[in-house]
Amino acid sequence: MIVPDTKENHDKCICNDCSTYNQCMVDNQEGLFCARGNTLCEIEEDECLCVQCPIDKEYKLTVRLDLMEKMILKMNQFYCGKGPAGSKK
Ligand code: SF4
Ligand code: SF4
């Protein structure tokens, strides 16, 4: 499901609790990467909290997937590095 790029959704984003979220992203007030696409900041992928995010549930980014798809998606989250949900890079 496409995630609309709205302030309301940005407010729900939990990226700023994530260890991958860095100072460059803070400075640029970035977030909602699943809708807005990847950051231009350099990132070092650590964890990704997207699967725990209310936006993930609301827009069913993972809940309807089977186990194998979830495993694949888990490896392919990091929307901040790989671009918005539903896109391949
Ligand atoms: S997209 Fe995932 S990895 Fe990137 S900052 Fe958000 S929760 Fe962390
Ligand atoms: S799914 Fe990830 S990128 Fe999208 S709003 Fe939630 S924490 Fe942010």
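Engineer: Would you take a moment to explain the overall build of the protein for this structure?
Structural biologist: Helix and strand counts for the protein stand at six helices and zero strands. Each helix (α) and strand (β) of the protein, taken in turn from the N terminus, gives the series α-α-α-α-α-α. The globule rule puts the C-alpha radius of gyration for 89 residues at 12 Å, and the 12 Å found for the protein is close to it. With respect to the three principal axes, the spread of C-alpha positions in the protein is 35 × 25 × 20 Å. Across the 89 residues that make up the protein, the buried fraction comes to 25%.

Engineer: What should I look at first to understand the site of ligand 2 in this one?
Structural biologist: Taken together, 13 residues lie around ligand 2, and Cys13, Cys34, Cys50, Cys53 and Ile55 are the ones closest in. Residue assignment for the shell around ligand 2 shows that the elements contributing at least two residues are helix H3 (33–36) and helix H4 (54–58). Looking at side-chain class alone, the shell around ligand 2 contains eleven nonpolar, one polar and one charged residues.

Engineer: Looking at this structure, I do not really get the site of ligand 1. What am I missing?
Structural biologist: Neighbouring ligand 1 are Cys15, Cys18, Thr20, Tyr21, Phe33, Cys48, Leu49, Cys50, Gln77, Phe78, Tyr79 and Cys80. A class-by-class count of the residues in the shell around ligand 1 yields ten nonpolar, two polar and no charged.

Engineer: How do you make sense of the environment of valine 63 when you look at a structure like this?
Structural biologist: When you line up the elements, valine 63 lands in the loop between H4 and helix H5 (67–76). Separated by twelve residues in the primary sequence, valine 63 and valine 51 have C-alpha atoms spaced 8.8 Å apart.

Engineer: Just to check I follow, could you spell out the nonpolar core for this structure?
Structural biologist: In globular proteins that are soluble, nonpolar side chains generally tend to be buried together. Core analysis: the largest hydrophobic core is formed by 17 residues, its most contacted members being Cys15, Phe33, Cys34 and Tyr79. The set of elements that each furnish at least two residues to this core consists of H3 and helix H6 (79–82). Excluding anything up to four places from it in sequence, cysteine 15 contacts Tyr21, Gly31, Phe33 and Cys80.

Cut-offs and rules
Per chain, residues are indexed from 1 in the order of the written sequence. To label them, take the chains in the order written and letter them from A, then take the ligands in the order written and number them from 1. Restriction of local features to residues with pLDDT of at least 70 applies here, the model being predicted, together with a cutoff of 80 or more for giving and counting side-chain atom pairs; totals for whole chains, interfaces and linings are based on all residues. Every helix listed is a DSSP run of H or I at least four residues long, and every strand listed is a run of E at least two residues long, numbered separately from the N terminus. Here the radius of gyration uses the C-alpha set of atoms, whereas the globule reference equals 2.2 Å times the residue count to the power 0.38. Three exposure classes are used, based on other C-beta atoms lying within 10 Å of a residue's own C-beta, which is placed from the backbone: buried for 20 or more, exposed for 12 or fewer, and partly exposed in between. Being near a molecule or strand means, for a residue, that its backbone-placed C-beta atom lies within 6 Å of it. Three categories are distinguished: nonpolar for Ala, Val, Leu, Ile, Met, Phe, Trp, Tyr, Cys and Pro, charged for Asp, Glu, Lys and Arg, and polar for the others, with Gly belonging to the last. As used here, a nonpolar core is made of buried Ala, Val, Leu, Ile, Met, Phe, Trp, Tyr and Cys residues. They are joined through C-beta atoms within 7 Å. We call two residues in contact whenever the C-beta atoms placed from their backbones are within 7 Å.

Note that all results are geometric; they support no functional claim without further evidence.
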